[in-house]
Structure formats: C-alpha cells, structure tokens
Amino acid sequence: MKYEGSLYRPPSEAYSLIVQATIGCTHNGCTFCSMYKDKVFRVRPTEEIIEDLRIGRKKYGYVDRIFIADGDALAIKNKELEKILAYIKENFPKCKRVGIYGSPKAIISKSHGELLRLKELGLGIIYLGVETGSEYILQRINKGVTRKEMILAGKKVVNSGIKLSITLISGIGGREDSYEHARESAKIINEINPDYLGLLTLMVQENTPLYEDVRDGKFEILSPKEVLFETREMVENINVENCIFRSNHSSNYVSLRGTLPKDKEKILGQIDAGLKTSGLEDKDIYRRL
C-alpha cells in the first residue's frame, strides 16, 4: 500500500485500515493547524486507491473498519467515491463501517441524493472539524467558512442518515474569547444535533500563525483550570437529543465521556471534581477572567 507524507486520522479510527485517497487538505489554511503542510492537495487516481484496497484485503483477513484519508477525502467526485465504496462493499464483507473526513465546503457541494447514495454504498460516518461555533473566532482562525455554512453542512449530513462526528477545540478562542467560544459552540451543537461530539484541547504547534500570535503576545493560552471552566460552560449549555460525547484525548486535562443529555450531570460532576482538586471551584471567576 502506498502512503505519502504523514497520515492523520480520528482517534476512533485507530484500528481501521487506512487508505489514502487524497493527498493533503483542500483548505490547509487554518491558523492553528500544522497538518498537511508538506503536501499539496490532490486526488489519487481511483485505480490506485482500489489497488491499495486489494492489497489490504489480501494482507488482512479481517477488516472491521476502513478510513478513507487524507484530509477532506469527501471532496472526491461522487462518481469516483461510489466506485471506491462499491469495491469495499463487495470485497470487505465483514467491514462494519467506512469513515471519511469532510470539510464544510465538500459536504455542501454534495446533493442530498449524492449523500444518500454514499450511505447506501456503506459510508457510515463523516468527521467534521467545526472547532468553534463563534462566527468571530471562525474568521480569526481562518477556517474558510461562515457559521451559517458550518450549520448547513452539519445538517446535510444528519439529514442524510450518515453518522456525523463533530470536533471542537477547547481554548481556540484564547483567554479573551473563552466565554464566547463556550456559549456559541454549545449553540451550534444544539442546532446541528450530531451523533458524536469530540472535544480536544488546543495544542499550539510551531510554524503556524497561531504560534506566532502566542509568541508575540497577541493570543493568551488558557490555563488547565480555565479550560475546565470553559468545558463546563459549554457542556452545561448543550441541549441535544442523543449525542455521544468524548473528551478523553491525550490533549485533555480531565477524561470525560458519556451520552448527552443522559449523562450531563455526571459529566458536569466530573468537571467540578477536577476543579475542586485544582483548588479553584468558583465558576463565576471564569467569566471575570
């Protein structure tokens, strides 16, 4: 199987067969992101992708999940994606789920019928990096889309019946806009109502515009306590129907997991326990920081 450069995949795809269908990311301009900087986006020929799948099928006797990489592989034209998924469906009978990264623009470019066809052929989950629900912060981190477009993309996936996994980043608003980030992110999750919500913590990478802002004093990183306050504010204001919540990445200060709304009080209690251990319990302090 052929791989070019560094590979990235969601934490939940750790044990998946990863097939590189695109190289890089279509946008590749977010101020906080250091991924794919060694690549220029392009789509690999479908024949090469299917050949890699053929090799993977020969090498591995049992494949439970397949992840179609790199960033924004959903940008591939539907006609070619259908060929890839059809091959998987025929040759990996034990595969329970196929996952893919999708940018807001790639999702919006697909018609409802096209998404339904991908679901019919076995596409089980789309991972969407929302990062924040704040219009202002989306612009500041150069996400490349508006809040309205992000909601449209999320709802299109939900309405298609394909599972939607959204990622938010704790601390992406910095110290100054932490409260804005928490409240607006809760609102956008409520509007989209995804199946999964993953919360990472901002890790500033060298050779990114955000790193330069931190170095120059233009962006203040949240302390662990402030991240917990922000997380509490966000979770407290999320009102969804049935969303699996995870904040147990290696970047997170406290490991949180549960299903919202069923486990909301348990999750809030775990955050409060973390704050109590830190010696700073007054959540009203957060809004004055």
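Residues numbered from 1 in each chain as written. Predicted model: local features only at pLDDT ≥ 70, side-chain atom pairs only at ≥ 80, totals over all residues. Heavy atoms only, no water.

J.: Give a detailed account of the overall build of the chain, specifying residues and quantitative values.
T.: Counting its secondary structure elements, the chain contains 11 helices and 10 strands. With respect to the three principal axes, the spread of C-alpha positions in the chain is 55 × 40 × 35 Å. The buried share of the chain, taken over its 289 residues, is 48%. Residue pairs in contact within the chain that sit at least 24 positions apart in sequence constitute 76% of those at least 6 positions apart. A total of about 13800 Å² of accessible surface is found on the chain, and carbon and sulfur atoms cover 49% of it. Considering the chain, the positive charge centre built from 45 side chains and the negative charge centre built from 40 side chains are found 6 Å apart. (Helix = DSSP H or I, 4+ residues; strand = E, 2+ residues; numbered from the N terminus. Buried < 20%, exposed > 50% of the residue type's maximum accessible area, 1.4 Å probe, protein only. Contact = heavy atoms within 4.5 Å. Areas by Shrake-Rupley, 256 points an atom, 1.4 Å probe, with all protein chains shown as cover. Lys, Arg positive; Asp, Glu negative; His and termini not counted. Charge placed at Lys NZ, Arg CZ, Asp CG, Glu CD.)

J.: How would you sum up the sheet that holds strand β8 (residues 196-201)? Please name residues and give values.
T.: With mixed pairing, eight strands are arranged side by side in an open sheet as β1-β4-β5-β6-β7-β8-β9-β10. The open sheet has two edge strands, β1 (17-20) and β10 (256-260), and neither has a second partner. Geometrically, the sheet is characterised by an average inter-axis angle of 20° between neighbouring strands, direction not taken into account. Across the sheet, helix α9 (residues 224-236) touches β7 (163-170), β8, β9 (243-247) and β10, and the angle it forms with β7 is around 145°. (Pairing = 2+ DSSP bridges. Axes fitted to C-alpha atoms, helices over the stretch in contact; angles between N-to-C directions.)

J.: Summarise the packing of helix α7 (residues 178-192) against α9; cite the residues concerned and give the values.
T.: Viewed as axis vectors pointing N to C, α7 and α9 meet at an angle of 25°, and their least axial separation amounts to 8 Å. Judged by the angle between their axes, α7 and α9 are roughly parallel. Of the two possible hands of crossing, α7 and α9 adopt the one that is right-handed. Contacts between α7 and α9 involve Ser178, Tyr179, His181, Ala182, Arg183, Ser185 and Ala186 from the first element and Glu230, Glu233 and Met234 from the second. Considered class by class, the residues forming the contact of α7 with α9 number four nonpolar, three polar and three charged. (Parallel < 35°, antiparallel > 145°, perpendicular 65-115°, else oblique. Left-handed = near helix turned anticlockwise from the far one by under 90°. Nonpolar A, V, L, I, M, F, W, Y, C, P; charged D, E, K, R; others polar.)

J.: Please give an account of the pairing of β9 that cites residues and values.
T.: Going residue by residue along β9, you find Cys243, Phe245 and Ser247 tucked away on one face and Ile244 and Arg246 left uncovered on the opposite face. Sheet topology places β8 next to β9; three bridges connect them, and they run parallel. From the neighbouring strand, Tyr196 faces β9, where its bridge partner is Ile244. Note that β9 and β10 share five bridges and pair antiparallel.

J.: Account for the nonpolar core, with residues named and values stated.
T.: Counting 60 residues, the largest nonpolar core has Leu53, Leu74, Phe92, Leu123, Ile126 and Ile166 as the members making the most contacts within it. Ignoring anything within four residues of it in the chain, the contact list for Leu123 reads Leu74, Leu85, Val98, Gly99, Ile100, Leu118 and Ile162. In this structure, Phe32, Ile137, Ile141 and Phe219 belong to the second largest nonpolar core, which totals 10 residues. (Core = buried A, V, L, I, M, F, W, Y, C linked by side-chain atoms within 4.5 Å.)

J.: How would you summarise the packing of aromatic side chains if you had to cite specific residues and measurements?
T.: Inspection of the entire model under this criterion finds four aromatic pairs. Ring centres of Phe67 and Tyr101 lie 5.2 Å apart, and the angle between their planes is 90°; on these two criteria the pair is classed as edge-to-face. Of this pair, Phe67 sits in strand β4 (residues 65-69) while Tyr101 sits in strand β5 (residues 97-101); the two residues are 34 residues apart in sequence, bridging distant segments of the chain. The pair Phe67 / Tyr101 is uniform in exposure class, with both members buried. Geometrically, the ring pair formed by Phe67 and Tyr127 is edge-to-face, given 6.0 Å between the ring centres and 75° between the ring planes. With Phe67 in strand β4 and Tyr127 in strand β6 (residues 123-131), this pair connects stretches of sequence that are 60 residues apart. (Phe/Tyr/Trp six-rings, centres within 6.5 Å; stacked < 30°, edge-to-face > 60°.)

Purely geometric numbers; function is a separate question.
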